[in-house]
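# Report on the structure
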Amino acid sequence: MTEPQLAPPRRYAPYDRAGGFDRSLGHPARRDLPFFAARMRELDAAEAFPTEAVARLDALGLPAQYVPARHGGTLDSYEDLLQLVRVVARRDLTVAIAHTKTYLGAVSTWVGGTAEQAQELGARIASGAVVSWGLTERAHGSDLLSGELTATPVAGGYRLDGEKWLINNATRSDLVCVLARTSPAGGTRGYSLLLVDKALLADGSHTCLPAAKTHGIRGADISGIAFDGAVVPASALIGEEGEGIETVLRSLQITRTICASLSLGAGDHALRIATRFGLEHRLYGKRLIDLPQAHRALTEAYADLLAMEAVTLLASRGVHTLTEEMSVSSAAVKYLVPTTADELITGMGQFLGARSFLSEEFAHGLFAKLERDHRIVGIFDGNTLVNLNALINQFAALARGYRAGRTDAEGLAAAATLDAQIPVFDPARLQLTSRTGNSVAASLPRGVAELRELVTSGEAPESLLTVAEKLLHISDTTHEQMAAHRPSPRDVPAAAFDLAHRYTLCSAAAACLQVWLRNRTTVAADTTATAGLWQDGLWAEAALCRLAERLTPGTLPEDGADGSAVLDRLMPLLVEQYDSGEMFSLLPFPLAEAAGSLAEEAS
Ligand SMILES: Cc1cc2nc3c(=O)[nH]c(=O)nc-3n(C[C@H](O)[C@H](O)[C@H](O)COP(=O)(O)OP(=O)(O)OC[C@H]3O[C@@H](n4cnc5c(N)ncnc54)[C@H](O)[C@@H]3O)c2cc1C
């Protein structure tokens, strides 16, 4: 009998690049390197900024990755950026949040600035300048249209007066992108963005506010900045006067998508600590991992993480291919991924029991740290309710698009086919609202029909179709309820938030199905460990079961005749990825922990 022909392992460039980046950061167990796990905890306890780790990221060229290639940097794919931030976040969220802030500070210039401004800022960032983003004010939180910091026209420029508070890197940054009121009446056209070079301000015209003490990311510079007659040149204005709010809203569509990488990294870290404990800890004569409930807790977390990876992948590739729909996809991702990761981390805390509470002794205290650190991801850059509200505002168009089965088929296929080339991102295509709805969510009926055919031809299991059809029914009902929603700009009813939450889960189900359908034959034929996840629709079925369970508790099928529920079948793959030092991921993603790398580095 001849051996079946297996394809050589397929390479996925963003995973390869980020895996290589992780390996160049060195094994987290190496005491002599800046990312040594215990060092991260010590810095956190001392509320000290992780200077060495940040410098290491600078030395490895991460800042250039924040600058689009057309402006002189190396950023040509948001999927790349997503994976790079993910590997930093899986080590330490303080470092990831402190470093990536420069991208957030710069994005408005990429979206709304002139080519000259972008080129100049790109060069500053590539040579090490830190940029922060000053939107929020002490009294106004998410309500940007109440901002009181003013920019008043004066000869040759603008005079800034007022304060921005809780601003990441406000003190450490060289430049701050500030949202300022330029029209006394305010309103949507009453604000402008100014890129302030702190070194050029007259003495005494600005003060950096003391760093706030925080629950998590304790070493980060979460401070603020106050201006008192600070004059900036007219060239500091990004875009036209009055375009500030619009540029911010368009920029947030990218940053909210990228924020999901912080949650994916934190989720990986939490599951890694728990898996190690589950394999090593013994109770009642067995390994903890072999107790059915413990086993299930890990596989549920794994399935949730894989589902969120699929959702985030589609959204980050969609930055390039479904750009006009990003007002929807970014809000859905920024709501769902951090919320799911918070739940995952809580679940892993229960799994670890008392050890989750130890701030030094177990896993260098890093579980307790990441649990605290991750709380912020759902708060900044638009908190969970703000993102749900952004979806509620678009219910009518989303329901219409779904009913009509309206999808950008080409854009969706390019986003979901993971080895397909994606076009260069064009920020001019970003829209404040999506006129076409959401191609991902609207693809569910057609995706399920395609799956039905695969089941008929024996290429997909009946059990996957069963859960997909259940989700299709829920999605149909959810969209009908969204269509019936009566918009009210103020006093949005609580039920609408619940509906928006359900919508994000339906959209996630559609995303998982698309990612599985478009890549199932290529990845499943690989020789890598991840291939097993794709065979017989395993990960997709597990992910859909989890989403269905969250939408309608009690949906998860009971153990099959052979006694192995779909989640249980994930366990060997979870352990294999852990043992081989790979990211918990849908695709091959070797990290610094990969076999032999500690020995290699040490030699
Ligand atoms: C560590 C950290 C770092 C930060 N970094 C930055 C930064 O770099 N730049 C910057 O500009 N800001 C930054 N912020 C500020 C942060 O982005 C804002 O605090 C946040 O977006 C506003 O949310 P809030 O919960 O603080 O306040 P609020 O918006 O006042 O919210 C208070 C409550 O009202 C609810 N709420 C708000 N809007 C709605 C709505 N539409 N419908 C229903 N309920 C609603 C909220 O969910 C919350 O429960 C940072 C904050 C922290 C803690």
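From a predicted model like this one, the values you see are computed outputs, not experimental measurements.

Our focus in this paragraph is the nonpolar core. Among the nonpolar cores identified, the biggest contains 182 residues, and Tyr 103, Met 348, Phe 351, Trp 516, Trp 534 and Trp 539 are the most heavily contacted of them. Top element by residues in this core is helix α17 (residues 494-524). It accounts for 18 residues. Setting aside chain neighbours within four positions, we find Met 348 in contact with Ala 270, Leu 271, Ala 274, Ala 297, Leu 298, Ala 301 and Phe 367. Core analysis: the second largest hydrophobic core is formed by 16 residues, Leu 160, Val 178, Leu 194 and Ile 225 among them.

Between α17 and helix α19 (residues 538-551), the least distance of the axes is 10 Å, while the angle of their chain directions is 170°. Between α17 and α19, the angle is such that the two are roughly antiparallel. Along its contact with α17, which presents Arg 502, Leu 505, Cys 506, Ala 508, Ala 509, Cys 512, Val 515 and Trp 516, the element α19 presents Trp 539, Ala 540, Ala 543, Leu 544, Leu 547, Arg 550 and Leu 551. Among the residues making up the contact of α17 with α19, the classes are represented as 13 nonpolar, no polar and two charged.

Turning next to the site of the ligand. The immediate surroundings of the ligand are formed by 21 residues, with Lys 101, Trp 133, Thr 136, Ser 142 and Leu 166 found nearest. Within the contact set of the ligand, an oxygen atom lies 2.6 Å away from a side-chain nitrogen or oxygen of Lys 101. Within the side chain of Ser 142, a nitrogen or oxygen atom sits 2.4 Å from an oxygen atom of the ligand. Its free accessible area being 960 Å², the ligand has 66% of it covered by the protein chains. When its residues are assigned to classes, the shell around the ligand shows twelve nonpolar, seven polar and two charged.

Our focus in this paragraph is the pairing of strand β2 (residues 150-154). Note: β2 against strand β3 (residues 157-168), five bridges, orientation antiparallel. Bridge pairing in β3 places Ala 151 opposite Leu 160. Linking two consecutive strands that pair antiparallel, namely β2 and β3, is a turn of two residues; a positive phi of about 80° is found at Gly 156 within it.

A word on the layout of surface pockets. By rolling a water-sized probe across the atoms, one finds the places where empty space is left. The volume enclosed by the second largest pocket comes to roughly 730 Å³. Contributing to the lining of the second largest pocket are 25 residues, with Arg 272, Ile 273, Arg 276, Tyr 578 and Glu 593 lying nearest its centre. Taken together, the elements giving at least two residues each to the lining of the second largest pocket come down to α2 (37-45), α7 (244-280) and α20 (571-579). Considering every element that reaches the lining of the second largest pocket, the biggest residue donor is α7, with six residues.

This part is about the packing of aromatic side chains. Scanning all chains against the criterion turns up eight aromatic pairs. Look at Tyr 78 and Tyr 103: their rings are 6.1 Å apart centre to centre, the planes differ by 70°, and that puts the pair in the edge-to-face class. With Tyr 78 in helix α4 (residues 78-89) and Tyr 103 in helix α5 (residues 93-112), this pair connects stretches of sequence that are 25 residues apart. Here Tyr 103 falls in the buried class, since its relative accessible area comes to 2%. Between the aromatic rings of Phe 277 and Phe 351, the centroid separation amounts to 6.4 Å while the plane-to-plane angle is 80°, which identifies the pairing as edge-to-face. Taken together, the residues span a long stretch of sequence, with Phe 277 in helix α7 and Phe 351 in helix α9 (residues 326-352) at a distance of 74 residues. Here Phe 277 matches Phe 351 in class, with each residue buried.

Right, let's talk about helix α3 (residues 51-59) for a bit. The periodicity of an α-helix, 3.6 residues per turn, causes residues three or four places apart in sequence to face the same way. For α3, every residue scored as buried is listed here: Ala 53, Val 54 and Leu 57. Down the axis of α3, the buried set is contained in an arc of 100°. They therefore lie on one face. Lining the buried residues of α3 we find α1 (13-25), α2, α4 and α5. Looking one or two residues beyond α3, the residue adopting positive phi is Gly 61, at roughly 85°.

Rules used throughout
- Residues numbered from 1 in each chain as written.
- Predicted model: local features only at pLDDT ≥ 70, side-chain atom pairs only at ≥ 80, totals over all residues.
- Heavy atoms only, no water.
- Core = buried A, V, L, I, M, F, W, Y, C linked by side-chain atoms within 4.5 Å.
- Buried < 20%, exposed > 50% of the residue type's maximum accessible area, 1.4 Å probe, protein only.
- Helix = DSSP H or I, 4+ residues; strand = E, 2+ residues; numbered from the N terminus.
- Contact = heavy atoms within 4.5 Å.
- Axes fitted to C-alpha atoms, helices over the stretch in contact; angles between N-to-C directions.
- Parallel < 35°, antiparallel > 145°, perpendicular 65-115°, else oblique.
- Nonpolar A, V, L, I, M, F, W, Y, C, P; charged D, E, K, R; others polar.
- Near = heavy atom within 4 Å.
- Polar contact = N/O pair within 3.5 Å; in protein donor to acceptor, adjacent residues only side chain to side chain.
- Areas by Shrake-Rupley, 256 points an atom, 1.4 Å probe, with all protein chains shown as cover.
- Pairing = 2+ DSSP bridges.
- 1 Å grid on protein atoms, 1.4 Å probe; cavity = no way out; pocket = protein on both sides within 12 Å on 5 of 7 lines; lining within 4 Å.
- Points joined across faces, edges and corners; volume = space filled by probe spheres on them.
- Phe/Tyr/Trp six-rings, centres within 6.5 Å; stacked < 30°, edge-to-face > 60°.
- Arc of directions from axis to C-beta.

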